[in-house]
Amino acid sequence: MPRLFSYGTLQREDIQFSTFGRLLNGRKDELVGYEPSLVEIADAGMAAKLGKTHHANVTATGDPASRAGGTVFEVTDAELASCDVYEALFDYARVTATLVSGRETWVYVHVPAASRSGR
């Protein structure tokens, strides 16, 4: 079963229910080589709808001493594919990362459209 690391709202039970229709099985862990950051929500209408001006994010530092805390969840392949569609709306892409526990996981990071190849 795939693992998905959340450093943001997916840790909330109400978000898990609204996204997946169930509570996810998860445990606290930390990403290695990342630090917490924020991404501004450029669309004022979307910011108003979400009730916030920034999305949580993590930024790769390349420093193995850097850590970003959160929760790693077990999800199905179908749930992961559904997350890909949703996260793409906000310019997030899924990448692999290593956790302090030594496990590999998927995590979403912000990739501005201007920095993607071919654009």
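So, here is what we can say about the structure in this document. (Residues numbered from 1 in each chain as written. Predicted model: local features only at pLDDT ≥ 70, side-chain atom pairs only at ≥ 80, totals over all residues. Heavy atoms only, no water.)

### A word on helix H3 (residues 77-88)
Spanning 12 residues, H3 covers 17 Å between terminal C-alpha atoms, matching the ideal 16 Å at 1.5 Å per step. Inspection of H3 places Glu79, Leu80, Cys83 and Glu87 among the buried residues, and these make up the whole buried set. One face of H3 carries all of its buried residues, which in axial projection span an arc of 95 degrees. More than 90 degrees from the buried face of H3, the exposed residues found are Asp77, Ala78 and Val85. In this structure, the buried side of H3 is in contact with strand E1 (3-6), helix H1 (13-20), strand E6 (92-98) and strand E7 (104-110). (Helix = DSSP H or I, 4+ residues; strand = E, 2+ residues; numbered from the N terminus. Expected span 1.5 Å × (residues − 1). Buried < 20%, exposed > 50% of the residue type's maximum accessible area, 1.4 Å probe, protein only. Arc of directions from axis to C-beta. Contact = heavy atoms within 4.5 Å.)

### A short note on the sheet that holds E6
The strand order across the open sheet built from five strands is E2-E5-E1-E7-E6, with neighbouring strands paired in mixed fashion. The outermost strands of the open sheet, each flanked by one partner alone, are strand E2 (25-32) and E6. Averaged over all pairs of adjacent strands, the angle between strand axes in this sheet comes to 40 degrees, irrespective of strand direction. When E2 meets strand E5 (residues 67-74), the two strands line up antiparallel, connected through eight bridges. Considered in E5, the bridge of asparagine 25 is made with glutamate 74. Across the sheet, H3 is in contact with E1, E6 and E7; its angle to E7 comes to roughly 20 degrees. (Pairing = 2+ DSSP bridges. Axes fitted to C-alpha atoms, helices over the stretch in contact; angles between N-to-C directions.)

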